[in-house]
Amino acid sequence: MSAPSSRADVRGMAFVALMAAVLALCAWITIPLGPVPFTMQNFGIFAALGLLGGRRGSLTVAVYLLLGLVGLPVFSGFGAGPGALLGPTGGFLLGFLASALVYWAVTARWGTAAPIMALAMVLGLAACYALGTVWFLAVYAGGNGTTLAAALTLCVLPYVVPDLIKLGLALVLVRRVGPHLPAHLQP
């Protein structure tokens, strides 16, 4: 590997680590609302994806999840460990990775123009909601007769508007900060 490319790789890894730390900070901004807290995690994910692109953004989410899995308190409420990933909101945590992968797939196919990025983020959010709701039904509501409608009312509906606002804020951040990133980091 040549020196310039290895230097770019190190910078890329540093930005992934920085955005994983930002994502952890966003998780700590929490308002408890029943079994699924309101956090700023989606903002952190959307910002990482928009600023770093699908590949590095997905890597950021994977690093974040691995940090939590090994016990660092990076999840909402300073949660960590396998119990957090296997608990009632674990599907939403894993849904973050699904969001990132959907974003990556859409932007890899159609580019990174603002409307495409917005569409990719909305589709990623829908994937997160779907995985999180199914997981919630299986783990939290498993066997107690909770319906899909009840789970959606509890786990998704209160969060749609705030999450869309976070998505919009992330897009504004990407448009303002993105052009100032080194060229090799821009999506």
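Everything below is about the structure printed above this text.
Note that the structure is predicted; figures quoted are calculated from it, not measured. (Residues numbered from 1 in each chain as written. Predicted model: local features only at pLDDT ≥ 70, side-chain atom pairs only at ≥ 80, totals over all residues. Heavy atoms only, no water.)

Quick notes on the packing of helix α2 (residues 41-69) against helix α7 (residues 160-177)
Step number 1: Remark: α2 packs on α7, axes separated minimally by 8 Å, with the N-to-C direction vectors making an angle of 35°. Crossing hand, α2 versus α7: right-handed. Along the contact surface, α2 presents N42, F43, F46, A47, G50 and L51, while α7 presents D163, K166, L167, L169, A170, L173, V174 and V177.
Step number 2: Here the residues of the contact of α2 with α7 are counted per class, giving ten nonpolar, two polar and two charged. (Axes fitted to C-alpha atoms, helices over the stretch in contact; angles between N-to-C directions. Helix = DSSP H or I, 4+ residues; strand = E, 2+ residues; numbered from the N terminus. Left-handed = near helix turned anticlockwise from the far one by under 90°. Contact = heavy atoms within 4.5 Å. Nonpolar A, V, L, I, M, F, W, Y, C, P; charged D, E, K, R; others polar.)

Notes on the side chain of K166
Step number 1: Tracing the backbone shows K166 in helix α7.
Step number 2: What makes K166 buried here is its relative accessible area of 4%.
Step number 3: Excluding its chain neighbours within four sequence positions, the residues that come into contact with K166 are F38, T39, M40, N42, F43 and F46. (Buried < 20%, exposed > 50% of the residue type's maximum accessible area, 1.4 Å probe, protein only.)

Looking at the packing of helix α4 (residues 90-110) against helix α5 (residues 114-139)
Step number 1: Closest axis-to-axis distance for the α4/α5 pair is 7 Å, and the angle between their directions is 150°. Accordingly, the angle class assigned to the pair α4 and α5 is roughly antiparallel. Between α4 and α5 lies a crossing whose hand is right-handed. (Parallel < 35°, antiparallel > 145°, perpendicular 65-115°, else oblique.)

What to know about the layout of surface pockets
The probe, sized like a water molecule, is rolled over the atoms to show the empty space still left.
Step number 1: Estimated volume of the largest pocket: approximately 310 Å³.
Step number 2: Around the largest pocket, the lining comprises 22 residues; the ones closest to its centre are V36, P37, Q41, F92 and F96.
Step number 3: Every element with two or more residues in the lining of the largest pocket is listed here: α2, α4, α5 and α7.
Step number 4: Its residues assigned to classes, the lining of the largest pocket shows 13 nonpolar, seven polar and two charged. (1 Å grid on protein atoms, 1.4 Å probe; cavity = no way out; pocket = protein on both sides within 12 Å on 5 of 7 lines; lining within 4 Å. Points joined across faces, edges and corners; volume = space filled by probe spheres on them.)

Notes on the side chain of T133
Step number 1: Following the sequence through the fold, T133 ends up in helix α5.
Step number 2: Taking the relative accessible area as the measure of exposure, T133 reaches 3% and is therefore buried.
Step number 3: With sequence-adjacent residues up to four places away left out, T133 is seen in contact with F92, L148, A151, L152, C155 and V156.

Points about the nonpolar core
Nonpolar side chains tend toward joint burial in soluble globular proteins.
Step number 1: By size, the foremost hydrophobic cluster in this structure holds 45 residues, and its most contacted members are Y64, L65, F75, L93, F96 and M121.
Step number 2: Where this core is concerned, the elements lending two or more residues are α1 (3-28), α2, α4, α5, α6 (148-155) and α7.
Step number 3: Per element, the largest residue contribution to this core is eleven residues, and it comes from α2.
Step number 4: If near-sequence neighbours (up to four positions away) are discounted, L93 is found in contact with Q41, Y64, L65, F75, A84 and L85. (Core = buried A, V, L, I, M, F, W, Y, C linked by side-chain atoms within 4.5 Å.)

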